[in-house]
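Coordinates in review
Chain by chain, the residues:
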Amino acid sequence: MSMSDRIQKLLLQAEIGKPMTREDILELLKMPGEYSVDLFETADRVRQNDVGGDIYLRGIIEFSNFCQRNCLYCGLRKANDKLDRYRMTDDEILKTARDIKSAGLSTVVLQSGEDPYYTTTRICTLIHAIKEETGLVITLSLGERPAQDYQAFAEAGANRYLLKHETASPELYHYLRPGCRLDRRISCLKTLKALGFETGTGNMVGLPGQTHEILADDLLLMKMLDADMLGIGPFIAHPDTPLAGIGQDDIELTLRVIAIARLLTRNTNIPATTALATLHPHGRLQALQAGANVVMPDFTPSQYKTRYDIYPGRADVGSATDILKTLEKDVHSIGRKIGYQAGHRPTRRTSKVIH
Ligand code: 5AD
Ligand code: SF4
C-alpha cells in the first residue's frame, strides 16, 4: 500500500473510533507535512461529533508566582531570582472570581506555582467563598499535594483539577523536574480521578531530548488515565532558565499532538493553549480547527499578569473584556460560537465505536 493510501486508511479507521496503536500514532506524528491537513480535518469532525461546535471558556486567576520547584523549563522556578514575585490576597482572588462571573463565564481556574504559603485550610476557605458568592465551577491547578489535601479540596467544593504530566518519559521528567518523579505525578492523577475530580493532564511539545516515541507515550498516557481535559502546548524557551535559547517556534507538531489526542480520547475537553497563541498569531484558531474546543482567558489583574512569566512573550496580555471581544470575533470567523456554560466532559460517547 502506498503511504498516502495507508494514511487515508488510518485516518478513516481512527475517525470511526477504531483503537489506535502506538505504531499508528507514530505514523501520524512522523508523516510528511502535506498530510497534516487531512489529520486536522479528521480531528475537527470527531470534535464536532463528540463535543459539539461550542468553544467553552475557563477564566484563569494566576494568584501566586511563588514556586518551590526548580523545573528547568519554567520561568517561575525557585532559582530564577530575576522574577518579581507576588501573592494575591483572598479578597483580590474573590474579586477576580466575581469579574469572571460578571463576564458571563461559568468556570474559574485557580492556578499558582507550588506555593505552600496557601495552606489547605486557606484554599478550602477560598473555595467555599467563591462557590457561595458566584456558584462558579472551580478548577484547581496547584501542583502536587498529599491525597488528604485533594480530598479536602473536593469536600470544600472544588470540581476539577489540572496537573499536566509534562512528559511521559521518566528519564526526561526527572531531568527537567529535579527532585520529582513521573510515577508520583501519575499517582496524584489517579488519586484525583478516584476522588471524582474532572481531571486534566497534558504535556509540552518540542522539549529538548523529546522524541516522537515519547510523544506517542504522552498520548497513550492521556488515554490510559482517562483524563477529562488535555492541555497540550509548545515548549517556549525562557531566557532566565537553564534551557534558555534552545526552543523552537514551530507549532505544527503541537497541532498534530492535539489532533491525535482528539482522535484517541474523543469526548475530552482540549484547550487551544495560550502558548500556541504566543508562538503564532493564528495558533489558537488553528488548534480550534484541529481538535481543540476550549479557550482559557486570563483574568489575573494586570499588575500581576505580566509577572506570571512562565515563558516569554505570553499572548493574552490586555484586559479580559478585550480578549473576550477579540475571541468572539475570531470564533465567529471560523463558523463557531462561544459556549458560556460549564462545558463538562459529556458522559456518553455519541459516536459509534468499533472494537
Ligand atoms: N514553555 C511552555 N510551557 C511551559 N510551562 C512551563 N514552562 C513552560 C515553557 N517554558 C507550562 C507547563 C506547566 C505550566 C505551569 O506551564 O506545562 O504545566
Ligand atoms: Fe513550579 Fe510548575 Fe513552573 Fe515547575 S512548572 S517551576 S512546578 S510553576
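Notes on the structure in this doc start here. Model, not experiment: these values are computed from the prediction. (Residues numbered from 1 in each chain as written. Chains lettered and ligands numbered in written order. Predicted model: local features only at pLDDT ≥ 70, side-chain atom pairs only at ≥ 80, totals over all residues. Heavy atoms only, no water.)

Things to note about helix 4 (residues 90–102)
- Relative to the 18 Å expected for 13 residues at 1.5 Å per residue, helix 4 spans 18 Å between its end C-alpha atoms, a close match to the ideal helical length.
- Listed in full, the buried residues belonging to helix 4 are Ile93, Leu94, Thr96, Ala97 and Ile100. Along the axis of helix 4, the buried residues cluster in a sector spanning 160°; they form a single face. Facing away from the buried side of helix 4, by more than 90 degrees, are the exposed residues Asp91 and Ser102.
- Buried residues belonging to helix 4 abut strand 2 (59–64), strand 3 (107–112) and helix 5 (120–134). (Helix = DSSP H or I, 4+ residues; strand = E, 2+ residues; numbered from the N terminus. Expected span 1.5 Å × (residues − 1). Buried < 20%, exposed > 50% of the residue type's maximum accessible area, 1.4 Å probe, protein only. Arc of directions from axis to C-beta. Contact = heavy atoms within 4.5 Å.)

Structural notes on the sheet that holds strand 8 (residues 294–295)
- If you trace the 3 strands from one edge of the open sheet to the other, you get 8-1-9, paired in parallel fashion. A strand with exactly one partner marks an edge of an open sheet, and here the two such strands are strand 8 and strand 9 (337–339).
- Bridging between strand 1 (residues 54–57) and strand 9 involves 3 bridges; their strand directions are parallel. Note on strand 9: the bridge partner recorded for Tyr56 is Gly339. (Pairing = 2+ DSSP bridges.)

Describing the site of ligand 2
- In the neighbourhood of ligand 2, the contacting residues comprise Cys67, Arg69, Cys71, Tyr73, Cys74, Leu76, Arg77, Gly113 and Arg177.
- Among the detected pockets, ligand 2 sits in the largest cavity.
- Of the residues in the shell around ligand 2, the class split is 5 nonpolar, 1 polar and 3 charged. (Near = heavy atom within 4 Å. 1 Å grid on protein atoms, 1.4 Å probe; cavity = no way out; pocket = protein on both sides within 12 Å on 5 of 7 lines; lining within 4 Å. Sits in = over half its atoms within 2 Å of the grid points. Nonpolar A, V, L, I, M, F, W, Y, C, P; charged D, E, K, R; others polar.)

Regarding the site of ligand 1
- In the vicinity of ligand 1, the contacting residues are Tyr73, Cys74, Lys164, Glu166, Met204, Pro234, Phe235, Ile236, Ile310 and Tyr311.
- Here Lys164 contributes a side-chain N or O atom positioned 3.0 Å from an oxygen atom of ligand 1.
- Glu166 is positioned such that a nitrogen or oxygen atom in its side chain is 2.5 Å from an oxygen atom of ligand 1.
- For ligand 1, whose free accessible area comes to 400 Å², the fraction covered by protein is 85%.
- Assessed atom by atom at 2 Å from the grid points, ligand 1 resides in the largest cavity.
- Residue composition of the shell around ligand 1, by class: 8 nonpolar, no polar and 2 charged. (Polar contact = N/O pair within 3.5 Å; in protein donor to acceptor, adjacent residues only side chain to side chain. Areas by Shrake-Rupley, 256 points an atom, 1.4 Å probe, with all protein chains shown as cover.)

Things to note about empty space enclosed by the protein
- Tallied over the entire structure, the rule returns 1 cavity of 30 Å³ or more.
- The computed volume of the largest cavity comes to approximately 1,100 Å³.
- Taken together, 50 residues form the lining of the largest cavity, with Gln111, Ser141, Lys164, Glu166 and Ile310 sitting closest to its centre.
- Counting only elements with at least two residues in the lining of the largest cavity, the list comes to strand 2, strand 3, strand 4 (137–141), strand 6 (198–205), strand 7 (229–234) and helix 11 (274–279).
- For the lining of the largest cavity, the leading source of residues is strand 7, giving 5 residues.
- Here the lining of the largest cavity is composed, by residue class, of 24 nonpolar, 14 polar and 12 charged. (Points joined across faces, edges and corners; volume = space filled by probe spheres on them.)

With respect to helix 2 (residues 22–30)
- If you check which residues of helix 2 are buried, you get Asp24, Ile25, Leu26, Leu28 and Leu29.
- Against helix 1 (3–15), helix 3 (36–51), helix 9 (212–224) and helix 10 (252–265) lie the buried residues of helix 2.

Notes on unusual backbone geometry
- Of note in the backbone geometry, Glu166 takes a positive phi value of approximately 70° without being a glycine.
- Residue placement: Glu166 occurs in the loop between strand 5 (160–162) and helix 7 (170–176).
- One non-glycine residue with positive phi stands out, namely Arg266, at about 60°.
- Residue position: Arg266 is located in the loop between helix 10 and helix 11.

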